[in-house]
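# Results of the structural survey
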Amino acid sequence: TQLTTSTTMRAFVAISALIGCAAAQYGYAGLPYAAAPALAAAPYAAPYAAPYAPYVPSSQFQAQDEFGNLNYGYANLNSAKSETGNTYAGVTGGYSYVDANGALQQVQYIADGAGFR
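Now for a look at the structure at hand. Remember, it's a predicted structure, so these values are computed and weren't measured experimentally.

## Observations regarding the pairing of strand 5 (residues 104-112)
As paired elements, strand 4 (residues 90-98) and strand 5 share nine bridges and run antiparallel to each other. In the sheet register, Y97 faces strand 5, and the bridge partner there is Q105. The hairpin formed by strand 4 and strand 5 contains five residues between the paired strands, and G102 there has a positive phi angle of roughly 85°. Note: strand 5 against strand 6 (residues 115-116), two bridges, orientation antiparallel. Across the sheet, the residue bridging to A111 is F116, located in strand 6. Two successive antiparallel strands, strand 5 and strand 6, enclose a turn made up of two residues.

## Some details on the pairing of strand 1 (residues 59-64)
In terms of residue burial, strand 1 counts as a barely covered element, since only zero of its six residues are buried. Bridging between strand 1 and strand 2 (residues 69-75) involves six bridges; their strand directions are antiparallel. Bridge pairing links Q62 to Y72 in strand 2. The antiparallel pairing of strand 1 with strand 2 creates a hairpin that spans four residues between the two strands, and G68 there sits at a positive phi of about 95°.

## Quick word on the side chain of N86
Among the secondary structure elements, N86 is positioned in strand 3 (residues 79-86). According to the relative accessible area criterion, N86 is buried, its value standing at 16%. A distance of 2.7 Å separates a polar side-chain atom of N86 from the backbone nitrogen of Y88. Apart from the residues lying within four places of it in its own chain, the contact partners of N86 are F67, G68, N69 and V91.

## What to know about the sheet that holds strand 4
An order of 1-2-3-4-5-6 is seen for the six strands of this open sheet, with the pairing classed as antiparallel. Of all the strands in the sheet, just strand 1 and strand 6 have a single pairing partner and so form its edges.

Thresholds, definitions, all that
Residues numbered from 1 in each chain as written. Predicted model: local features only at pLDDT ≥ 70, side-chain atom pairs only at ≥ 80, totals over all residues. Heavy atoms only, no water. Pairing = 2+ DSSP bridges. Helix = DSSP H or I, 4+ residues; strand = E, 2+ residues; numbered from the N terminus. Buried < 20%, exposed > 50% of the residue type's maximum accessible area, 1.4 Å probe, protein only. Polar contact = N/O pair within 3.5 Å; in protein donor to acceptor, adjacent residues only side chain to side chain. Contact = heavy atoms within 4.5 Å.

The structure is reproduced here in structure tokens:
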């Protein structure tokens, strides 16, 4: 049975190869897979793309030592924040931002053993 199965598979491969070679001599007829109506493409205008990304200045910084002293902050086009102090004794800082009306809002704070003020 092993010899018969092997012989059958070899014959199948040989016949498949012969059919493939015979079919290859005829070119593709160019028929579509399914009939679909031909539609004209709608006119398309590409959206405007700037030739480069606008430069928006921003920065950030952070420093901390082994005694718990810290200093960090950031600044960008619409907001800024900075804070200095000590992890154990308290911190002082502030932040600012531009609100929805375009007005600059600023807040200064102290956070220590007496609370947040």
